[in-house]
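A closer look at the structure
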Amino acid sequence: MNKQAIFLFLFIYLHFFGPVFSQELAKSEQDNQVTELFLKNDALPVKLSYSNKVLRKETNDSTYIDSEIGYMTSDESWKTLEVKIRARGNYRRENCYFPPVKMKIKKSVSAGTLFEGNKKLKLVLPCVLQKDYNDKVVKEYMAYKLYELISPYHFKTRLLHIDFTDEKGQKVKTYTVKGFFIEDIDEVKDRCNGKQITRSIHPLEQDDLCSVRNDFFQFMIGNTDYSSAYRHNEKLLFVDNNIMPVPYDFDMSGLVDASYAVVSQVQGEVLSITDVTQRLYRGFKRDPATYQNVRNEFLNNKSKIMTVVNDLESSFDDPKEFATARRFISDFFDVLANDNSYRKEILNVARLK
C-alpha cells in the first residue's frame, strides 16, 4: 500500500470511526469505576414499604422520612438496609400515584453491601395505575440505556422488580411494579474526572460533539422536554476544559408516550408540534462536519442501538408496547439514512437562538 493510500485510509477511518472508538475507549475506562449496583443489567428484586401519602405531604427537598429497602442477594436471600427517602420531581410528585423517590443511604449502612458507594439514589416508579404502567417505566429505562451507548457522559441505571407495600393506617395495599434506580450526579462526575457546573451556559459554549450527540438522541426518543441552556432535565459537567451535557428524565418523550405527557414549553416557548410522538429537532446549528460525524456514528451503530432495544423485549408486559417502542426508534434511522429527510427534519430546523 503506497503512502497516499495509507493516508486516505487513515483519514476516512478517523473521520468516520475515530469518535466512536474514542468514546468506547473512554467508556471501558469508566466501567472500572462503576459501583457494584450498576454493573449488572438483570432486574434486581427489591421490597419497599412506606406511605405514599406521608411521602408526598411530609417531605421536601430537605426533609426525609425513615424507611427500609430490602433486596435479594446473589445467594437469593434477602438483606434489609435502613434508608431515608423523600418525594422528588415536579409534575410526577404532584400527579402520580407513586411519586418518584430520592433515597439517601449512610456510608456505614451500605458498607459491604450491593449499595456500597451510593450515598444518594433516584428511584423511578410507575406514575398511574393503568394497564401499561410497567411498560412505560421500562421504556424510560430503555432511553437511559440507549444514551449510555451514545455518550460516555451518562447516568447509570438498574432495572428493579419491586414488591411495594403502601401503608394507609390500618389498611395496607400491596403492588408488584417495575422501576429503576438512577445513580447520583456525584458518581457520574467522579467517574468522568469532572466537576458539576451549576450556572447557565449557552449550548453553543458547550462541547460540540457531545451536544450534537445529545440533540440527536433527544430527537431519536422524541423528547423536547429538555434545555441545556436552562439546565432543564440536563446536568452540566466540566471535563477536560469542556462543558458536557448529561440528560435525564425522559418520561415526556414520544418513546415513552406517557398518558400525561404533553409537548414541552420550556421557558414558555410554544413549539410547532402538538403531540409528543411527533419529532422536533431542538439542537443548535454547528459546524456541518460535526453534524455529519454524529450522523455517521448513529448510522454505523444502528445495530448496537437496536440490540439495546431488543434486549429489553422480555421486560415488557405487553408485546404491542415493545413493538411500538422498537418501531419508534427504527423510524429515527429512516430519517437519518435519507438525505432529504435528514436535511428537512434536522439540518434545516437547527436553532439559531
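This part is about the overall build of the chain. The secondary structure content of the chain amounts to 12 helices and 10 strands. For 353 residues, the compact-globule estimate of 2.2 N^0.38 gives 20 Å, and the C-alpha radius of gyration of the chain, at 21 Å, lies within 12% of that figure. C-alpha atoms of the chain, sized along the principal axes, occupy 80 × 45 × 40 Å. By the burial criterion, 53% of the 353 residues in the chain qualify as buried. Long-range contacts, defined as pairs at least 24 residues apart, comprise 68% of the intrachain contacts of the chain with a sequence gap of at least 6. Summing over all exposed atoms, the chain offers an accessible surface of approximately 17300 Å²; the carbon and sulfur share of this is 49%.

Once that is clear, we can look at the sheet that holds strand β9 (residues 234-239). Whether parallel or antiparallel, the strands of a sheet pair through hydrogen bonds between backbone atoms. Spatially, β8-β9-β10 is the arrangement adopted by the three strands of the open sheet, whose pairing is antiparallel. Edge positions in the sheet fall to β8 (195-197) and β10 (242-247), since each has one partner strand and no second. For this sheet the average axis-to-axis angle between neighbouring strands, irrespective of direction, equals 40 degrees. In this structure, β9 lies alongside β10, joined through six bridges in antiparallel fashion. What sits directly across from Lys235, in β10, is Val246. Of the strands in this sheet, β9 and β10 touch helix α8 (residues 208-220), which is tilted by about 15 degrees from β10.

Per the stated rule, a full pass over the model turns up one disulfide. Here Cys96 connects covalently by a disulfide to Cys127, the sulfurs 2.1 Å from one another. Here the disulfide of Cys96 and Cys127 is left-handed, its torsion about the S-S bond being about -95 degrees. In this pair, Cys96 sits in the loop between α4 (91-95) and β4 (101-104) while Cys127 sits in the loop between β5 (120-124) and α6 (133-150), placing the two residues 31 residues apart along the sequence. By relative accessible area, which is 9% here, Cys127 ends up buried. Free cysteine: Cys192, not disulfide-bonded; nearest cysteine sulfur from Cys210 at 9.2 Å.

Given 3.6 residues to a turn, an α-helix orients residues that are three or four positions apart in the same direction. Here α8 is 13 residues long and its end C-alpha atoms lie 18 Å apart, about the 18 Å a rise of 1.5 Å per residue gives. Within the sequence span of α8, burial applies to Cys210, Ser211, Val212, Arg213, Asn214, Asp215, Phe216, Phe217, Gln218, Phe219 and Met220. For α8, the N-terminal capping position is held by Asp207, with its side-chain oxygen 3.3 Å away from the main-chain nitrogen of Leu209. Following α8 by one or two positions, Gly222 has its phi on the positive side, about 70 degrees.

Turning our attention to the packing of aromatic side chains. The final tally for this structure, using the stated rule, is 24 aromatic pairs. A centroid spacing of 5.5 Å and a plane angle of 80 degrees characterise the contact between Phe98 and Phe164, whose relative ring orientation is edge-to-face. Pair noted here: Phe98 is in the loop between α4 and β4 and Phe164 is in strand β6 (residues 157-168), with a separation of 66 residues, a long-range link. In this pair, the class of Phe98 matches that of Phe164, namely buried. One aromatic cluster is present, formed by Phe216, Phe219, Tyr281, Tyr291, Phe298, Phe332, Phe333 and Tyr342 through successive ring pairs. Taking the ring centre of Phe219 as reference, the NZ or CZ of Arg279 above it sits at 6.0 Å.

This part covers the nonpolar core. Core analysis: the biggest nonpolar cluster contains 53 residues, and Leu146, Phe216, Phe217, Met220, Phe298 and Ile329 have the highest contact counts within it. Broken down by element, this core gets its largest block of residues, nine residues, from α6. Among all residues touching Phe298, those that are not within four sequence positions of it are Ile150, Arg213, Phe216, Phe217, Met220, Ile305, Phe332, Phe333 and Leu336.

Moving on: the side chain of Asp207. Topologically, Asp207 is positioned in the loop between β8 and α8. Lacking a salt bridge, the buried Asp207 has Arg213 as its closest oppositely charged neighbour, with an N-O distance of 6.5 Å. Within the structure, the side chain of Asp207 is placed 3.3 Å from the backbone nitrogen of Leu209, a separation counted as a polar contact. Discounting residues that sit within four places of it in the chain, Asp207 has contacts with Asn242, Ile243, Met244 and Arg286.

About the criteria used
Residues numbered from 1 in each chain as written. Predicted model: local features only at pLDDT ≥ 70, side-chain atom pairs only at ≥ 80, totals over all residues. Heavy atoms only, no water. Helix = DSSP H or I, 4+ residues; strand = E, 2+ residues; numbered from the N terminus. Rg over C-alpha atoms; globule rule 2.2 N^0.38 Å. Buried < 20%, exposed > 50% of the residue type's maximum accessible area, 1.4 Å probe, protein only. Contact = heavy atoms within 4.5 Å. Areas by Shrake-Rupley, 256 points an atom, 1.4 Å probe, with all protein chains shown as cover. Pairing = 2+ DSSP bridges. Axes fitted to C-alpha atoms, helices over the stretch in contact; angles between N-to-C directions. Disulfide = S-S within 2.5 Å. Expected span 1.5 Å × (residues − 1). Polar contact = N/O pair within 3.5 Å; in protein donor to acceptor, adjacent residues only side chain to side chain. Phe/Tyr/Trp six-rings, centres within 6.5 Å; stacked < 30°, edge-to-face > 60°. Lys NZ or Arg CZ within 6 Å of the ring centre and 35° of its normal. Core = buried A, V, L, I, M, F, W, Y, C linked by side-chain atoms within 4.5 Å. Lys, Arg positive; Asp, Glu negative; His and termini not counted. Salt bridge = Lys/Arg side-chain N within 4 Å of Asp/Glu carboxyl O.

These values are about where atoms sit, not about what they do.
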